[in-house]
Amino acid sequence: MSLEARAVDIPAEQTPERQERFLGVVPVDARLELTRIPGVRATLRSRWMTFIPTTVNLFLFLVILMAGVVGTQVGNANIAIVFIWILWWSALMLLLVPFGSRIWCGVCPLPIMGEWLQRSALVRLAAKARGLGWKWPKRLRNMWVVNGVFLGLAVFSGILTTRPWATVLMLGTIMAASTGLFLLYERRTFCRYLCPVGGFLGLYANFAAVEVRPKSVPECLAHKSKECILGSASGYGCPWLEQPTNLKRNTYCGMCFECFRSCTRDNMGLFLRPFGTDLLVESHRGLDESWKAFIMLGAAAAYSATMMGPWGWLKDWANLRSLGGWAVFAGGLAVLLLVVLPALHGAFAWASWRLGGRAVPLRRVFTNFSYHLVPLGLLAWIGFSFAILLPNGSYVLRILSDPFGWGWNLFGTAHVPWTPVLTAWLPALQAVSLLFGFVYSLDIAWKLARQTFPSSPAAARAVIPQIVLLAGLTGAFLWLFVG
Amino acid sequence: MVVKVLERLAGSGLGKLARFVGEVAGRAARSWKRVHISERIAIGIVALTLLAGPAAVIGYGRWVERNVITVRAVQWAYLPKTIYATEGVQVRLRIISEDVVHGFAIDGLPVKIVELIPGKAEDVAFTPQAAGTYYYQCTTYCGVRHGKMFGQIIVRPKRQALTSPPQETSLQTR
């Protein structure tokens, strides 16, 4: 099988210069159409392709719910903690987001009951949607609510990640809320504007190595029936309220592949692409996403310090050992994520703006440069995930056989001892992850500078403070991880 | 007589309810016939996931835990606090710590677990040869009320076990 890399029709504003390359090697507009591989398109068009994994996940989710309620409350002996915070979270950061974009959203069990109720169908096409079908308020059509919900959960991270009942309370609440909201609001409004996980998946999906895009934009524009938006006899209109004809970023593409089903011209494709392509797309950028970038970067640092640092008092605060300590932790985290990091970024953005000749609005400089924090943020999370997965991954084998901590031995692995894997390599893996993130962020920063400032010399001057900022942040993470 | 009772029932609220339920069931049956075969399969899979899945998990748990008494150790008590057993009949205990490291030993019986690691089940089996009350206690310091952490196994003579059923957790003669 031979597949040729090919350039797809990308609007001019998506790439600053068509010959631009990531890290000086991979062309920004290089694409490999995965749907040309025999069988891939047919598989993606089948609604069973999402139904089966979602249902399997739903079963696992039910077991996890049961475990949180009736299982042992010892975290490392309960499937709720081990599967959610060790396996799922690490899988998201290490594999699913970088290589699958929002593929998790396509098979997520949390909102699926709501979607099934809304459609009154599981795998067949329903004639019309049930529920009230309200539209989400225009003012809230951004990531601010998601940022708030995520932060609201983040301050309880010490409890959520160690107590099965807390994890299950959170998941159960998300499931109940999403089911209710599916009956009130149209399509996947909940997933797009409210899901606390969806927010960071959306931002980091812009870094992902895959994308769903029209194969030919002109053909889409000429096709007046807009089946991918409104639906057709073979598929629903985009459940994520996107316009697949004009899809430029992965942020709100939930990888449900519904547009593959609704498009009667087979004009949608799944493409492999270089990392970080969407970070260069200037349209749709906003402060809500900038703050999401700050929150995720700061959360990676805060969790690393809390969970892996040598500061016992910090752990105690996060674990709600005393209300006063927790209040300091929660307040400190909120100030770090919402004020300190944005202020730090603002100071460096201001310096870039000054050095760049003040020819562009400061707000634009601030917003645009916040996107170069995405590669470093995601790679910092990858480094953090290594530190979770490698020492604790062996719990997964034990939990498979004894999900409730009741002494079962379903698959004969209940007595697998706790076995840290490759932990001698952990500092090196974390350092390499961070350095890759740093280099990629530098590359994106330079491209963003050239996109933002009118001339190359101005961009070269403006990027200097960003290099200092990225170096400082990388140094801080290196100190946290391996210092 | 029967006809009269049926007529009265049909006229009552109960009869109306029965007719309503019948109508709904009839409609559901007619709708089900119109449902495409792929949708029926999907509905079956979801029903299995939602009902049979958890039921199988619970059923399996009951099956593997038959003839085993689970004792949970928490600061600072064992649950259950009293276990009933029968002289000459094997007792199988599964002891699980739910919080910190505890210990477990039965005075007068050859059972001792030095470290009960939280979340790690420890199985022990023994056969009490003489009737009486045996005390079990925590043998690893586990906090300020460590000394209060104990329970008892009441072993009854075989004859008594057959005539008076125990009030709490027990093992039956096999």
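No experiment lies behind these values; they were computed from the predicted model shown.

A. Structural context of the overall build of chain A. Within chain A, the secondary structure is distributed over 21 helices and eight strands. Computed over C-alpha atoms, the radius of gyration of chain A comes to 23 Å, within 12% of the 23 Å expected from 2.2 N^0.38 for 483 residues, which places it in the range of a compact globule. Across chain A, every contact between residues at least 6 apart in sequence was considered, and the portion connecting residues at least 24 apart equals 79%.

B. Expanded view of the domain arrangement of chain B. As far as domains go, chain B holds domain 1 (2-64) and domain 2 (69-163). Using C-alpha coordinates to define each centre, domain 1 of chain B is positioned 46 Å away from domain 2 of chain B.

C. Spotlight on the nonpolar core. All names here are of chain A. Among the nonpolar cores identified, the biggest contains 134 residues, and V97, Y204, L297, A300, V374 and A380 are the most heavily contacted of them. Per element, the largest residue contribution to this core is 13 residues, and it comes from helix 18 (residues 373-392). When residues of this core are assigned to domains, at least three map to each of domain 1 (31-279) and domain 2 (286-482). Filtering out sequence-adjacent residues up to four positions away, A300 remains in contact with G377, A380, W381 and F384.

D. Seen up close, the sheet that holds strand 2 (residues 77-79) of chain B. Residues and elements named next belong to chain B. Strands sit in the order 2-1-4-7 across an open sheet of four strands; the sheet is mixed. Looking at the sheet topology across the chains shown, the edges are occupied by strand 2 and strand 7 (122-126). With direction set aside, neighbouring strand axes in the sheet form an average angle of 25°. Taken together, the five bridges between strand 1 (residues 69-74) and strand 4 (residues 91-97) define a ladder with parallel strand orientation. From the neighbouring strand, V71 faces strand 4, where its bridge partner is I95.

E. A look at the sheet that holds strand 3 (residues 82-86) of chain B. All names here are of chain B. Spatial strand order, 3-9-8-5-6: five strands in an open sheet with mixed pairing. Strands with a single pairing partner mark the edges of an open sheet, and in this sheet they are strand 3 and strand 6 (111-116). Strand after strand, the sheet turns through a mean of 15° between neighbouring axes, direction not considered.

F. Structural detail: the domain arrangement of chain A. Residues and elements named next belong to chain A. Here chain A is partitioned into domain 1 (31-279) and domain 2 (286-482). Taking the mean C-alpha position of each, domain 1 and domain 2 sit 23 Å from one another. Contact residues are listed per partner, giving 41 residues for domain 1 and 37 residues for domain 2. Elements represented by at least two residues in the side of domain 1 that touches domain 2 include exactly helix 2 (48-70), helix 3 (79-100), helix 6 (144-154), helix 7 (157-160) and helix 10 (196-205). Class assignment for the residues of the side of domain 1 that touches domain 2 results in 28 nonpolar, 13 polar and no charged.

G. Local environment of unusual backbone geometry. The omega angle of the peptide bond from Q75 of chain B to W76 of chain B is 0°, so this bond is cis rather than trans. For W76 of chain B, the location among the structural elements is in the loop between strand 1 and strand 2. Residue L79 of chain B is joined to P80 of chain B through a cis peptide bond whose omega torsion reads 5°. In this structure, L241 of chain A is a non-glycine residue whose phi angle is positive, near 60°. Tracing the backbone through its elements, the reader meets L241 of chain A in the loop between strand 7 (235-236) and helix 13 (258-262). Residues other than glycine seldom take positive phi values, yet D266 of chain A does so here, at roughly 50°. Mapped onto the elements of the fold, D266 of chain A is located in the loop between helix 13 and strand 8 (268-272). For D266 of chain A, a count of 11 C-beta atoms within 10 Å puts it in the exposed group.

H. Fine view of the interface of chain A and chain B. Between chain A and chain B, the contact holds 20 residues from the first and 21 residues from the second. Counted by class, the side of chain A that touches chain B contains 13 nonpolar, six polar and one charged residues.

I. The environment of A299 of chain A, seen in detail. All names here are of chain A. The topology assignment puts A299 in helix 14 (residues 287-308). Overall, the presence of 22 C-beta atoms within 10 Å leaves A299 in the buried class. The spatial distance from the C-alpha of A299 to the C-alpha of A445 is 22 Å, given a sequence separation of 146 residues. With residues near it in sequence (within four places) discarded, A299 still touches A154 and L337.

J. Seen up close, the environment of L448 of chain A. Residue and element names in this part refer to chain A. Tracing the backbone through its elements, the reader meets L448 in helix 20 (residues 426-452). Judged by the 28 C-beta atoms lying within 10 Å of it, L448 is buried. When near neighbours in sequence (up to four residues on either side) are disregarded, L448 contacts N368, F369, Y371 and H372.

K. Up close: helix 18 of chain A. With 20 residues, helix 18 of chain A ought to run about 28 Å at 1.5 Å a step, and its terminal C-alpha atoms sit 28 Å apart, in line with that. Counting buried positions along helix 18 of chain A yields 18 of 20 residues, so the element is predominantly enclosed.

Cut-off values and rules
- Residues numbered from 1 in each chain as written.
- Chains lettered and ligands numbered in written order.
- Predicted model: local features only at pLDDT ≥ 70, side-chain atom pairs only at ≥ 80, totals over all residues.
- Helix = DSSP H or I, 4+ residues; strand = E, 2+ residues; numbered from the N terminus.
- Rg over C-alpha atoms; globule rule 2.2 N^0.38 Å.
- Contact = placed C-beta atoms within 7 Å.
- Domains from an automatic or database assignment.
- Core = buried A, V, L, I, M, F, W, Y, C linked by C-beta atoms within 7 Å.
- Buried ≥ 20, exposed ≤ 12 C-beta atoms within 10 Å, placed from the backbone.
- Pairing = 2+ DSSP bridges.
- Axes fitted to C-alpha atoms, helices over the stretch in contact; angles between N-to-C directions.
- Nonpolar A, V, L, I, M, F, W, Y, C, P; charged D, E, K, R; others polar.
- Expected span 1.5 Å × (residues − 1).

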